[in-house]
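# Descriptive structure summary
Take a look at the letters that make up each chain.
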2 protein chains.
Amino acid sequence: FSSASRSPLPMTAVAPKVEKEEEQVVNPWEVSAGKGGIGYDKLVDQFGCQRLDAATIDRVARLTGRPPHRFLRRGLFFAHRDFNEILDLYEKGEKFYLYTGRGPSSESLHLGHLVPFMFTKYLQDAFKVPLVIQLTDDEKFLWKNLTVNESKRLARENAKDIIACGFDVEKTFMFSDFNFVGGAFYENMVKVARCVTYNKVVGIFGFSQEDHIRKISFPPVQAVPSFPSSFPHLFSGMEQLRCLIPCAIDQDPYFRMTRDVAPRIGCQKPSLTESRFFPALQGESTKMSASDPNSAIYVTDSEEEIKKVNKYAFSGGQDSAELQRELGANLEVSPCPALEHFLLDNKLV
Amino acid sequence: FSSASRSPLPMTAVAPKVEKEEEQVVNPWEVSAGKGGIGYDKLVDQFGCQRLDAATIDRVARLTGRPPHRFLRRGLFFAHRDFNEILDLYEKGEKFYLYTGRGPSSESLHLGHLVPFMFTKYLQDAFKVPLVIQLTDDEKFLWKNLTVNESKRLARENAKDIIACGFDVEKTFMFSDFNFVGGAFYENMVKVARCVTYNKVVGIFGFSQEDHIRKISFPPVQAVPSFPSSFPHLFSGMEQLRCLIPCAIDQDPYFRMTRDVAPRIGCQKPSLTESRFFPALQGESTKMSASDPNSAIYVTDSEEEIKKVNKYAFSGGQDSAELQRELGANLEVSPCPALEHFLLDNKLV
């Protein structure tokens, strides 16, 4: 999981900087777009997921007997894969489980990282279902050039922030890959990897032949928490339990691969609800990222540190007072999107 | 580990069958040669290992105070990598550990499979050192298209045959990958994989882009038992303990890769002693293989079943009585090589 963007792959890093229509890049390691911001409509079409429409949101409200979360009302979770099937089952009285995660690349979570966890907490409360949370310390070790011990330490630090979101302690299992991989989980990793060719992962993730084989072998690690059989201590005898994954849309490639493989190894395809990105302080053209501390507000930032907003956040104001009078503020950019995420009262947005 | 040959990779399977000098193929999944048998000299040069010379064998005898094993005297273990360094350390009073293994692809071991285990047993007795034995059930699952449970069952069956070799129960740890991968072992897998590019494994193992990513991600699994830090329950505080791997020479690619990576992750390079192949009943041009039951004698074969020797073994006799009188028997082929392996008294060979 990488709600934070990582070093771009070589192939994307060399893209020429031209002023004409810039290609948007959205994958688990890089999110960038032109000045117009991310083209989410284009992404939905490109990835082949479905739009989360008003009827589905109404249905969630009806089934759970509570108002839909503001992230749904405001379209922050805007896409899905087979979310309706999960609702169909729930309507028939069947349960499912939630799976989300985080790649621990920073000392603490920033506001963008909180989005999937806040939404997952709402889903857990509303549907009263179990949850597994994966900390991919083995992934961050790979991409961030950390030591194993440093990756494990960051996972532990991040776990504290995640715990603070208030998940149901009776229904939540959080683990780090370095601590947990083995047994049935490893068996599923091997099964998934046997179903995916090198050409296939290159097509999905854009690896190059100079990438190390650990990158190539990582995707199954993020895939298998989608299968209840990876957690025999939680789901023994419930191997066909459906899984719902709340995540940002840059994680879609992992689960496209997972859904492709699932029926070939006798497993259910996971469903997804997918969110937009939390914008960087600098604006909507990229996401808030742990790789650039000035783009982000951390949950551990002091009052003093948060003043970086004054320096780095793009307010939407024009370059001069004259232009401001002439054109007015640009309300499409920060800080309005941030308010959209966190203001509790819809009337104020 | 694959003392048994497996389905050839696509790239080797399509090699044209021409009568002129046939290319010999020796990799962990295929061993085949022209009519002249395996060119071991060529292999040593091609792989870049060292020849096990008489001086080294004498040194083993001197250091251990016992006659060298017949596999050494008869040149069955004929090559090595830094075996002398292990002997240097031993001479100074330092210990090392042994690592060997097996890919469980058949119900029981055949005579060829016994060779590394018999030799390892001798080394353990002579040097009084610990031993780890890896059963790569996760590898056989991949290449043999078995289910996970069937692979695990074969590993268990094979473990019985291995135990029967009589290793020191106080100094031996045997494990299967499906049961043991995790923790420090998994950490080392990830560290190794971060040091090996896709291009590199293709160069060493000949994978193709249509191979699944589990093949590409397997080599680190066989690499890491070379590092004591993979076994904290055995070698805690002894992370620089040297490792000696007795194996057949087709396993050399794994350990070439391992030796290349070792110093980059702060580990010692493993040393190796490498054997020729146990010939198939049909002759020296390929090895005894579990993939072809008529090529092999199993340790579980009944007296009746062993009679297949009469039908399938190439005795070295000529095609007709007349030719036999004229040319005599060809003593270079079976059953002489088999006797070379198992006859205890050198005078009879």
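Residues numbered from 1 in each chain as written. Chains lettered and ligands numbered in written order. Predicted model: local features only at pLDDT ≥ 70, side-chain atom pairs only at ≥ 80, totals over all residues. Heavy atoms only, no water.

## Notes on the overall build of chain A
For chain A, the count of helices and strands is 19 helices and eleven strands. Here chain A holds 349 residues, and the buried ones make up 56% of them. Looking at chain A alone, contacts between residues at least 24 apart form 76% of all its contacts between residues at least 6 apart. As presented, chain A carries roughly 14,800 Å² of accessible surface, and 51% of it is formed by carbon and sulfur atoms. (Helix = DSSP H or I, 4+ residues; strand = E, 2+ residues; numbered from the N terminus. Buried < 20%, exposed > 50% of the residue type's maximum accessible area, 1.4 Å probe, protein only. Contact = heavy atoms within 4.5 Å. Areas by Shrake-Rupley, 256 points an atom, 1.4 Å probe, with all protein chains shown as cover.)

## Brief notes about the relation of the copies chain B and chain A
Superposing chain B onto chain A requires a rotation of 180° together with a translation of 0.0 Å along the rotation axis, leaving an RMSD of 0.1 Å. Such a turn and shift between the copies fits a two-fold axis. In terms of proximity to the rotation axis, the leading residue of chain B is Gly-182 of chain B, whose C-alpha is 2.2 Å off the axis. (Least-squares fit on C-alpha atoms with pLDDT ≥ 70 in both.)

## Focus on the packing of aromatic side chains
Residues and elements named next belong to chain A. A complete count under the given rule lists 63 aromatic pairs over all chains for this structure. Aromatic side chains Phe-205 and Tyr-254 sit 5.1 Å apart centroid to centroid with 50° between the ring planes, which places their arrangement in the tilted category. Here the residue Phe-205 occupies a position in helix α11 (residues 198-205), and Tyr-254 occupies one in helix α15 (residues 252-261), the gap between them amounting to 49 residues. The pair formed by Phe-205 and Tyr-254 is uniform in burial state, with each residue classed as buried. (Phe/Tyr/Trp six-rings, centres within 6.5 Å; stacked < 30°, edge-to-face > 60°.)

## Some remarks on the nonpolar core
Counting 94 residues, the largest nonpolar core has Tyr-186 and Val-192 of chain A together with Tyr-186 and Val-192 of chain B as the members making the most contacts within it. Those residues in contact with Val-192 of chain A, other than ones at most four positions away along the chain, are Pro-220, Ala-223, Val-224, Phe-227, Met-257, Val-261 and Ile-265 of chain A. Within the second largest apolar cluster, 41 residues are counted, among which are Ile-57, Leu-76, Leu-114 and Phe-167 of chain A. (Core = buried A, V, L, I, M, F, W, Y, C linked by side-chain atoms within 4.5 Å.)

## So, the domain arrangement of chain A
Here chain A is described as being made up of domain 1 (32-275) and domain 2 (303-338). Placing the centre of domain 1 of chain A and that of domain 2 of chain A at their C-alpha centroids yields a distance of 33 Å. (Domains from an automatic or database assignment.)

## Details of the sheet that holds strand β9 (residues 271-275) of chain A
All names here are of chain A. Overall, mixed pairing links the seven strands, which are arranged β3-β4-β9-β8-β5-β6-β7 in an open sheet. Looking at the sheet topology across the chains shown, the edges are occupied by β3 (50-51) and β7 (172-176). Bridge count for strand β6 (residues 131-135) against β7 is five bridges, and the pairing is parallel. Its bridge partner being in β7, Ile-133 is matched across the sheet by Met-174. The sheet strands contacting helix α5 (residues 83-91) are β4 (77-81), β5 (96-102), β8 (242-248) and β9, and the helix crosses β8 at an angle near 135°. Of the strands in this sheet, β4, β5, β6, β7, β8 and β9 are in contact with helix α6 (residues 111-127), which crosses β5 at around 165°. (Pairing = 2+ DSSP bridges. Axes fitted to C-alpha atoms, helices over the stretch in contact; angles between N-to-C directions.)

## Concerning the confidence of the model for chain A
Residue and element names in this part refer to chain A. When pLDDT is averaged across chain A, the result is 87; 88% of the residues are at 70 or more. This stretch, residues 3-20, has a pLDDT under 50; its non-local contacts, to residues over four places away or in other chains, come to 40 contacts. Reported confidence for the predicted complex is 0.87 by ipTM and 0.88 by pTM. (pLDDT = per-residue confidence, 0-100.)

## Describing the sheet that holds strand β8 (residues 242-248) of chain B
Residue and element names in this part refer to chain B. The sheet built from seven strands is open, its strands ordered β3-β4-β9-β8-β5-β6-β7 with mixed pairing. A single partner strand is all that each edge strand has here, and the edge strands are β3 (50-51) and β7 (172-176). Sheet analysis places strand β5 (residues 96-102) next to β8, joined by three bridges and oriented parallel. By the bridge assignment for β8, Leu-98 is matched with Leu-244. Contacts between helix α15 (residues 252-261) and the sheet are confined to β4 (77-81), β5, β8 and β9 (271-275), with β9 contributing the most and set at about 165° to the helix.

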